[in-house]
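# Structural characterization, general
Below are the chains, spelled out letter by letter.
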Amino acid sequence: MIKLTPPMGWNSWNTYGTNINEELIKETADAMVETGLLDAGYDYLVIDDCWSERQRDENGRIVPCKEKFPNGMKAVADYVHSKGLKFGMYSCAGNYTCAVYPGSFEYEFIDAATFAEWGVDFLKYDYCFKPYWQQGHLLYKRMGFALANCGRDILFSACSWGVDESHKWIKETGAHMWRSTGDIVDSWKSIVDLAQKQISLQPYNGQGCFNDMDMLIVGMHGKGNVAIDGCSVEEYRTHFSLWAFLNSPLMIGCDVRNMSDSTKDILMNKDIIAINQDSAARQPYLADNNPNVMTWVKPLEGGDVAIGFFNLTDSNQCPFLPFDNIGLNRSTGKALQLTNLWTGEDLGVFKDIYRTPVMEPHTCLVLRGKLVDAK
Ligand code: GAL
């Protein structure tokens, strides 16, 4: 399998942690269809940590928790598939998962075969409890081999948190996405921290294996497993725009059965999703070196360009973009017709430079530019 655009879907961890069960997963699958999330592109439903029994069975096979999943995982996968969704699960490269359930270390091929049998389409593979004498890249390679030979197309989502220089070796393992960050929590500070750490990692981001900035916190509003302070709607909008802009997989982490209208508007903005899912899948770049008021630029299929201004500071800002910084010097005779992707407003044609209106703290402005002749 080659993944041409960042995966999209939902993952149980951010809101539910250990509180997962068959009923919740079925209701989530229903909600993903009924709310329009599936139609918007969110097609993977992923169960994170805490789904199994604490012990393997006598044949070394991993066993779903009988209380949480009384009908086993194949039944869950069948239900998820019946809704037109794909089904994802979680394991770990070490002896245990991060919540101390059995990991796949030295059970890689058995587990990959089990997942294939159950109808799994996506495996998130964590990095806790790695034996200290083992090199991480070899463990991801083992699971990469196992998945590639399990007889089913399973998307390999590596979760080594960007440590051990994983950017240098993760593509070798067969991973389709890799966690380039530590864990997200539901707070503005976490959004800023994770975004700033991505700047130097963009050259590793692209078709086949996307930098994963962790699951989205949009719509959590301080409730759930990774809740801290919660964020404002504007902050969630900025977070979503950043993740979309930086080609991160878009894995929703909130309770999709109870989304507010503003949460739905953010998660299902077609124009912002189109930047994330652009078929050229170019890495974005910073048009200047300011990590606090970021100006990201991403060339799009067909010649348009996406421009995102992100005010990560606590004060008003008026950033600007000289077009020379993106390859449009005055000598080209070209200008940009700009559209605001959050409001749909056509801002007009700009030559040489674009200056934003005053941007309030923690807000963003995401534009799509079309090349036109300068008059
Ligand atoms: C962390 C991982 C989280 C979540 C958690 C489960 O290592 O980064 O996304 O999967 O483990 O215990």
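Let us look at the structure shown here. (Residues numbered from 1 in each chain as written. Predicted model: local features only at pLDDT ≥ 70, side-chain atom pairs only at ≥ 80, totals over all residues. Heavy atoms only, no water.)

## Looking at the state of the cysteines
Under the defined criterion, the tally for this structure stands at one disulfide. Across the disulfide, Cys98 is cross-linked to Cys128 (sulfur-sulfur distance 2.1 Å). Of note, the bridge from Cys98 to Cys128 carries an S-S torsion of about 100° and is right-handed in sense. Linking Cys98 in the loop between strand E3 (86-92) and helix H5 (108-118) with Cys128 in the loop between strand E4 (122-126) and helix H6 (136-148), this pair joins segments that are 30 residues apart in sequence. (Disulfide = S-S within 2.5 Å. Helix = DSSP H or I, 4+ residues; strand = E, 2+ residues; numbered from the N terminus.)

## Focus: the sheet that holds strand E14 (residues 346-350)
If you walk across this open sheet you meet the six strands as E9-E10-E11-E16-E13-E14, and the pairing is antiparallel. Sheet topology places strand E9 (285-286) and E14 at the edges, where each strand pairs with a single neighbour. As defined by bridge partners, strand E10 (residues 293-299) adjoins strand E11 (residues 305-311) across seven bridges and the pair is classed as antiparallel. Opposite Val293, over in E11, you have Asn311 as the bridge partner. Sheet contacts for helix H9 (residues 233-245): E10, E11 and strand E16 (364-373); angle to E11, the most-contacted strand, approximately 140°. (Pairing = 2+ DSSP bridges. Contact = heavy atoms within 4.5 Å. Axes fitted to C-alpha atoms, helices over the stretch in contact; angles between N-to-C directions.)

## Some thoughts on the packing of H5 against H6
Axes are the key here: two packed helices are described by the angle between their axes and the distance separating the axes. Two elements in contact, H5 and H6, have axes separated by 9 Å at closest approach and are oriented at 40°. Here H5 is positioned oblique relative to H6, judged by the angle of their axes. Regarding H5 and H6, the two cross each other, and that crossing is right-handed. Between H5 and H6, the residues in contact are Glu108, Phe109, Asp111 and Ala112 and Arg142, Met143, Phe145, Ala146 and Leu147, respectively. (Parallel < 35°, antiparallel > 145°, perpendicular 65-115°, else oblique. Left-handed = near helix turned anticlockwise from the far one by under 90°.)

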